[in-house]
Amino acid sequence: MPTLYGVYRSRAARNIWLALEMGIEMEVVPVIQGYRLPDPHASGAPLNTQSPDFLAMSPAGAVPILRDGDLVISESVAINLYLARKYGGPLAPADLEEEAQVLQWAFYGMTAVEPAALALMQAVMASPADVAGADAAAAKLARPLAVLQAHLSAHPYMVGDRFTVADVNTAEVVRYARARPGLIDAYPAVDAWLKACQARPAFQAMWAKREAEPA
Ligand SMILES: N[C@@H](CCC(=O)N[C@@H](CS)C(=O)NCC(=O)O)C(=O)O
């Protein structure tokens, strides 16, 4: 059985969501971000991203990490692509063409959507009253959201007209933009798609556990 190291309040969430969608049995070992602890090196500190045992597995000191037999991999999107390929089924790419599209959206999500969406979420959380700062961050998201709006106006899902690993990967970064109320409303196809993704029982199960985890 694969083992995932990470907490629900981290990018491990997208791996847990996918595993639930695909019915993959996966052990989840909690590893909290070191920066969330008062002293990650204290003797009683929980296993965290700065613990020597964890750093031996993750030189970058970041969760998630997946261990599957002798294989140890980092990067939540790479982990999802591995799980999809290994376990197969309708959430995995059906052929080479779909695999290319899944990769295309994975790279677009990581390079175009995530940096802008994360910057927006962090700006809103750091200074909720700083409207100008949030406006500037939101402006950088306008183009990626317009790209997704155009795609999702013509297709119900990211790839293959069905829910796949590409939706899990993309939805988990688009949701950061919800930090700015009303922003995604201006992109109705994105809004409807995100709501459909997040209404799925597997997402709901993951989210309930995430909410139950201390912030
Ligand atoms: N691109 C990586 C990002 C990994 C990452 O930054 N993880 C954060 C939690 S979401 C982390 O572990 N941070 C610990 C730290 O920066 O000390 C992925 O998607 O897995």
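Residue indices begin from 1 for each chain and proceed along its sequence in written order. At least 70 in pLDDT is required for a residue's local features to be given in this predicted model, at least 80 for side-chain atom pairs to be given and counted, and no such filter applies to totals for whole chains, interfaces and linings, which use all residues. Based on all heavy atoms of the structure, the side-chain values leave hydrogens and waters out of the count.

1. Brief notes about helix α8 (residues 201-212)
Only DSSP runs of H or I covering at least 4 residues are called helices, and only runs of E covering at least 2 are called strands; the numbering of each starts at the N terminus. Helix span is expected to be 1.5 Å times the residue number reduced by one. Helix length check: α8, at twelve residues, gives a terminal C-alpha distance of 17 Å against a target of 16 Å (1.5 Å per residue), a fit within 8%. Using a 1.4 Å probe on the protein chains alone, a residue whose accessible area is under 20% of its type maximum counts as buried, one over 50% counts as exposed, and one in between counts as partly exposed. The set of residues buried in α8 consists of A202, F203, M206 and R210. For α8, the angular spread of buried residues about the axis comes to 95°, placing them on one side. Of the exposed residues in α8, those oriented more than 90 degrees away from the buried face are P201 and A212. Note that the arc is defined by the directions from the helix axis to the C-beta atoms.

2. A closer look at the packing of helix α1 (residues 12-22) against helix α6 (residues 165-174)
Following both chains from N to C, one finds α1 and α6 inclined at 145°, their axes separated by 10 Å at the closest point. Crossing of α1 against α6: the hand is right-handed. Residues A13, R14, W17 and L18 of α1 pack against V165, V168, N169, A171, E172 and V173 of α6. When its residues are assigned to classes, the contact of α1 with α6 shows seven nonpolar, one polar and two charged. The convention used is that axes are lines fitted to C-alpha atoms, helices contributing only their stretch in contact, and that angles between N-to-C directions extend from 0 to 180 degrees. What makes a crossing left-handed is the near helix being turned counterclockwise from the far one by less than a right angle; a clockwise turn instead makes it right-handed. Contacts between residues were defined by any pair of non-hydrogen atoms, one from each residue, lying within 4.5 Å. Residue classes follow a fixed rule: Ala, Val, Leu, Ile, Met, Phe, Trp, Tyr, Cys and Pro count as nonpolar, while Asp, Glu, Lys and Arg count as charged, and any other residue, Gly among them, counts as polar.

3. Examining the layout of surface pockets
Using a grid of 1 Å spacing that covers the protein atoms alone, one calls a set of points a cavity when a 1.4 Å probe fits there but cannot get out, and a pocket when the set is open and has protein on both sides within 12 Å along at least five of seven lines; lining residues are those with an atom within 4 Å of a point. Grid points are joined across faces, edges and corners, and a volume is the space filled by probe spheres set on the points. Empty space within the largest pocket amounts to approximately 850 Å³. What lines the largest pocket is a set of 26 residues, and nearest its centre among them are R9, S10, M121, Y176 and R210. Broken down by secondary-structure element, the contributors of at least two residues to the lining of the largest pocket are α4 (96-126) and α8. Top contributing element to the lining of the largest pocket by residue count: α8, with five residues. Counted by class, the lining of the largest pocket contains ten nonpolar, seven polar and nine charged residues. Segmentation of the chain into domains, including their bounds, is taken from an automatic or database domain assignment. Among the domains, domain 1 (3-90) and domain 2 (96-200) are the pair contributing at least three residues each to the lining of the largest pocket. Partitioned by chemical class, the residues of the lining of the second largest pocket number twelve nonpolar, three polar and four charged.

4. Observations regarding the domain arrangement of the chain
Once the domains are mapped, the chain shows domain 1 (3-90) and domain 2 (96-200). Its C-alpha centre places domain 1 at a distance of 23 Å from the equivalent point of domain 2. At the junction of the two partners, domain 1 supplies twelve residues and domain 2 supplies 19 residues. Together, the buried faces of domain 1 and domain 2 total about 1,300 Å²; carbon and sulfur atoms form 60% of this surface. We define buried area as the total accessible area lost by two parts upon association, computed with a 1.4 Å probe and summed across both. Among the residues of domain 1 in contact with domain 2, R11, R14 and W17 are the three that bury the most area, contributing 41% of the side total. We define a salt bridge as a side-chain nitrogen of Lys or Arg found within 4 Å of a carboxyl oxygen belonging to Asp or Glu. Counting the contacts that link domain 1 with domain 2 gives two salt bridges. Between N or O atoms, a polar contact is any pair within 3.5 Å; within protein, one atom must be a potential hydrogen donor and the other a potential acceptor, and residues adjacent in sequence are included only when both atoms are from side chains. If you look at where domain 1 meets domain 2, you find five residue pairs in polar contact (both at pLDDT 80 or more). The set of elements that each furnish at least two residues to the side of domain 1 that touches domain 2 consists of α1 and α3 (76-87).

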